[in-house]
Amino acid sequence: MRAVKGMNDILPGESRRWQRVESAFRSTMERLGYGEVRTPYVEPTGLFVRAIGETTDVVEKEMYSFVFHDEPITLRPEGTAGAARAYVEHRVHNDEPVTRWFYMGAMFRGERPAKGRYRQFYQVGAECFGDAGPGCDAEMIDALVMFLTDIGVASPDVFINSIGSGQTRALYTEALRKALEPKKEALSPDSQRRLLTNPLRILDSKHPADRAALEGIPTVLDFLSDDDRAHWDNLRRHLDALGTPYQVDPHLVRGLDYYGRTLFEIKGAYDILGAGSTLVGGGRYDGMIRSLGGPDVPAIGFAAGLERLLLASTVEAPQSAVDVFIAPLGDTATAEALVLGRQLRRAGVRCEVDTRNASLKALLRRANALRSTWAIILGDREVSEQVVEIKDLGRHTQTKVARAEVVGYIQSRLAEAPAPGDGAGGLDAGVAPGAAAEKP
Ligand code: AMP
């Protein structure tokens, strides 16, 4: 049996790196006052059709949808719709004027698998409900840059745009349609169709014919209403004040329909991912809560693909699964090893006890394979003399330590020289030396 195409197993050797990035993300968001929301992996299909938009690639082609006991349901292709649904369903707006949520988890899209593009992939993301101000947008972008720097993504490139609110978008959509209509024959078949259904999406097209047709087309920034322009100008002012570098990309529109005003994307500094180098996508979606039956609450959010973050990050996983490997020789020693193992773990030490009753040679081979810092050897003689032999596997030294002092001995040695990237501090993402330093 094999895993389903486009869906991957993440084994512990790799998942330790994932955990580093996840905990750096959690730490970033918690320091910004965000709380974790966990929503179901399946939602009513209608939620995504409404929230994401009928004419988007995700809804048109990529959703894992099925009918279960007469109920049309879909494996979530993204996290915002579910979060917004939960926000409305629990009437969170009644309890607080501003709500800050983050999430992490699997998403499902039936895309053509490639490097950095999978059918089950993981996103970390956040949503802020209830704050319409451009300061909220700027803070979110700045926090993302801080997070990316923390995990060693070298100089992340921020691209921003505004597609205005409803009125602006309607005017611009018409202008775009008019400008592209004479070039219709030159457009790709998808874009010809979108000229009727959703012209804004043409801006997003990577097709060379569409790119050529878009040359010299008016940009949405020329159409911003006074309010939209004030928001846009203030967003840039706040980013300037924060010293967050960004570029304006007036062709930036995002695949999902619900966005308005601020849009942003962050790309990795070097193009290790080929065409799909976007690490983070986000923006404002002020109309969504209302469209889901809630009140008029503004919102902004982003999502980042965890696999892509890992491709672009220099974060290092701990080299070893354990600090201490206990090698008992014989049944009496095994009983003693189990007790010692429990004592060490209670003291916070990562420890494996090998209960296979294997030879000393096999036990030490295992200890080395685990890259354990120490092996504690316990034979019948050690048990009766109330001592253990502690082998330092890196330095190739061996010390006899009184049984009663073993836990203290290991603890103080661990405190002296924590393994690289093994720091227990939540902020330590284990970034490799030489990784991008944070800007002042
Ligand atoms: P989106 O929800 O389409 O705005 O995507 C947000 C981020 O999720 C992207 O920038 C990617 O990092 C990631 N992402 C989207 N689709 C996939 C996929 N099929 N496989 C892996 N990562 C993805």
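Starting from 1, residues in each chain are numbered consecutively following that chain's sequence as written. Residues qualify for local features only when their pLDDT is at least 70, as the model is predicted, and side-chain atom pairs are given and counted only at 80 or more; totals for whole chains, interfaces and linings, by contrast, use all residues. The side-chain quantities take in all heavy atoms of the structure and omit both hydrogens and water.

Brief notes about helix α1 (residues 12-31)
Secondary structure elements are taken from DSSP: a helix is a run of H or I of four residues or more, a strand is a run of E of two residues or more, and numbering for both begins at the N terminus. In this scheme, a helix's expected span is set at 1.5 Å multiplied by one less than its residue total. Between the first and last C-alpha of α1 there are 28 Å, a value that for 20 residues agrees with the 28 Å anticipated at 1.5 Å per step. Burial status follows relative accessibility: with a 1.4 Å probe on protein chains alone, a residue under 20% of its type maximum counts as buried, one over 50% as exposed, and anything between as partly exposed. Burial in α1 covers these residues: S15, W18, R20, V21, A24, F25, S27, T28 and M29. Should any heavy atoms of two residues lie within 4.5 Å, those residues are counted as being in contact. Where α1 is buried, its residues meet β5 (99-108), β6 (120-129), α6 (134-150), β11 (299-305) and α12 (306-312). One or two steps after α1, the chain reaches G33, where phi turns positive at roughly 85 degrees.

Here's the deal with helix α14 (residues 360-369)
Taken residue by residue, α14 has A362, L363, L364 and A367 as its buried positions. On its buried face, α14 is in contact with β12 (324-328), β14 (374-378) and β15 (387-392). Phi for R371, located one or two positions after α14, is positive at around 55 degrees.

Structural notes on the packing of aromatic side chains
The aromatic pairing rule takes the rings of Phe, Tyr and Trp, using the six-membered ring of Trp, and pairs them if the centres are within 6.5 Å, calling planes under 30 degrees apart stacked, those over 60 edge-to-face and the rest tilted. Applying the stated criterion across every chain, the model contains 9 aromatic pairs. The interplanar angle of 80 degrees and the centroid separation of 5.9 Å between the aromatic rings of F25 and F102 together place this pair among those described as edge-to-face. A residue pair is termed long-range when its members are at least 10 positions apart, and F25 in helix α1 and F102 in strand β5 qualify at 77 residues. Chaining the aromatic ring pairs together yields one cluster made of F25, F102, F147 and F302. In this arrangement the basic side chain of R76 is found over the ring face of Y41, its NZ or CZ atom lying 4.0 Å from the centre. The criterion is that NZ of a Lys, or CZ of an Arg, lies within 6 Å of the ring centre and within 35 degrees of the ring normal, and then a charge sits over that ring. Sitting over the face of the ring of F159, K267 holds its NZ or CZ atom 5.7 Å from the ring centroid.

Describing the site of the ligand
If even one non-hydrogen atom of a residue comes within 4 Å of a molecule or strand, that residue is called near it. Residues in close proximity to the ligand total 14 residues, the closest being R109, E111, Y118, Q123 and R254. Two N or O atoms count as a polar contact when they lie within 3.5 Å, although within protein this holds only if one can serve as hydrogen donor and the other as acceptor, and sequence-adjacent residues are included solely when both atoms are side-chain atoms. Y118 is positioned with one of its backbone polar atoms (N or O) 2.9 Å from a nitrogen atom of the ligand. Here G305 contributes a backbone N or O atom positioned 3.0 Å from an oxygen atom of the ligand. Sorting the residues of the shell around the ligand by element identifies β6, β10 (278-284) and β11 as the ones contributing at least two each. For this classification, Asp, Glu, Lys and Arg are treated as charged, while Ala, Val, Leu, Ile, Met, Phe, Trp, Tyr, Cys and Pro are nonpolar and the rest, including Gly, are polar. Residues of the shell around the ligand, tallied by class, amount to 5 nonpolar, 4 polar and 5 charged.

Observations regarding the sheet that holds strand β7 (residues 157-162)
We treat two strands as partners when DSSP finds at least two bridges between them. Ordered by their spatial adjacency, 8 strands build an open sheet running β1-β5-β6-β11-β10-β9-β7-β8, and the pairing between neighbours is mixed. Either end of the sheet is taken by a strand with one partner, and the two such strands are β1 (35-36) and β8 (247-248). Looking at chain direction, β6 and β11 are connected through 7 bridges and run antiparallel. From the neighbouring strand, G125 faces β11, where its bridge partner is A303.

Here we look at the packing of helix α2 (residues 45-52) against helix α4 (residues 80-89)
For every element, the axis is a line fit to its C-alpha atoms; helices are fit only across the contacting stretch, and the angle between N-to-C directions ranges from 0 to 180 degrees. Direction vectors running N to C along α2 and α4 enclose 105 degrees, while the axes themselves pass 9 Å from each other. What the angle tells us is that α2 and α4 run roughly perpendicular. Taken together, the residues of α4 that come into contact with α2 (itself represented by L47, F48 and A51) are A81, G82 and R85. For classification, angles of less than 35 degrees are called roughly parallel, those exceeding 145 degrees roughly antiparallel, those between 65 and 115 degrees roughly perpendicular, and all remaining angles oblique.

Points about a nonpolar patch on the surface
Put simply, a patch holds well-exposed residues, over 30% relative accessible area, that have no salt bridge, with like charges counted together within 9 Å and Val, Leu, Ile, Met, Phe, Trp or Tyr side chains within 5 Å. For every accessible area listed, the method is Shrake-Rupley and the probe measures 1.4 Å; residues are considered covered only by the protein chains on display. By salt bridge we mean one thing: a side-chain nitrogen of Lys or Arg within 4 Å of a carboxyl oxygen of Asp or Glu. Judged by side-chain polarity, V42, F66 and F68 come together as a nonpolar surface patch covering roughly 270 Å² of accessible area. As for its position among the elements, V42 is in strand β2 (residues 42-44). Residue classification places V42 among the partly exposed positions, given a relative accessible area of 34%.

Describing the pattern of salt bridges
Across all of its chains, the model carries 28 salt bridges by this definition. Between D233 and R236 there is a salt bridge; the shortest N-O distance is 2.7 Å. Here D233 pairs with R236, and both are found in helix α10 (residues 226-242), just 3 residues apart, close to one helical turn. On the accessibility criterion, D233 (28% relative accessible area) is partly exposed. A relative accessible area of 24% means that R236 is categorised as partly exposed. Residue R290 is joined to D296 by a salt bridge in which the shortest nitrogen-to-oxygen separation is 3.1 Å. One exposure class covers both R290 and D296, and it is exposed.

A short note on the confidence of the model for the protein
Mean pLDDT for the protein: 91, with 92% of residues reaching 70 or above. Per-residue confidence from the predictor is reported as pLDDT, a score between 0 and 100. In this model, residues 432-440 is a region of pLDDT below 50 whose contacts with residues beyond four sequence positions or in other chains number 17 contacts.

Thoughts on the packing of α6 against α10
Put simply, α6 and α10 touch, their axes get as near as 8 Å, and they point 40 degrees apart. Judged on the interaxial angle alone, α10 and α6 are oblique. The interaxial crossing formed by α6 with α10 has right-handed handedness. The residues of α10 that touch α6, namely those facing P134, G135, D137, A138, I141 and D142, are H231, N234, L235, H238, L239 and L242. Across the contact of α6 with α10, the residue classes break down as 6 nonpolar, 4 polar and 2 charged. By the definition used in this description, the sense in which the near helix is turned from the far one sets the handedness, with an anticlockwise turn below a right angle giving left-handed and a clockwise turn giving right-handed.

A word on the side chain of T334
Within the secondary structure, T334 sits in helix α13 (residues 331-346). You can call T334 buried: its relative accessible area is 15%. When neighbours within four sequence positions are excluded, T334 is seen to be in contact with P328 and T355.

Side note on the sheet that holds strand β4 (residues 71-75)
Reading across the sheet, the 3 strands line up as β2-β4-β3 and stay open at both edges, with antiparallel pairing between neighbours. The outermost strands of the open sheet, each flanked by one partner alone, are β2 and β3 (65-68). Each adjacent strand pair in this sheet contributes to an overall mean axis angle of 40 degrees, direction not counted. In terms of strand pairing, β3 meets β4 through 4 bridges, oriented antiparallel.

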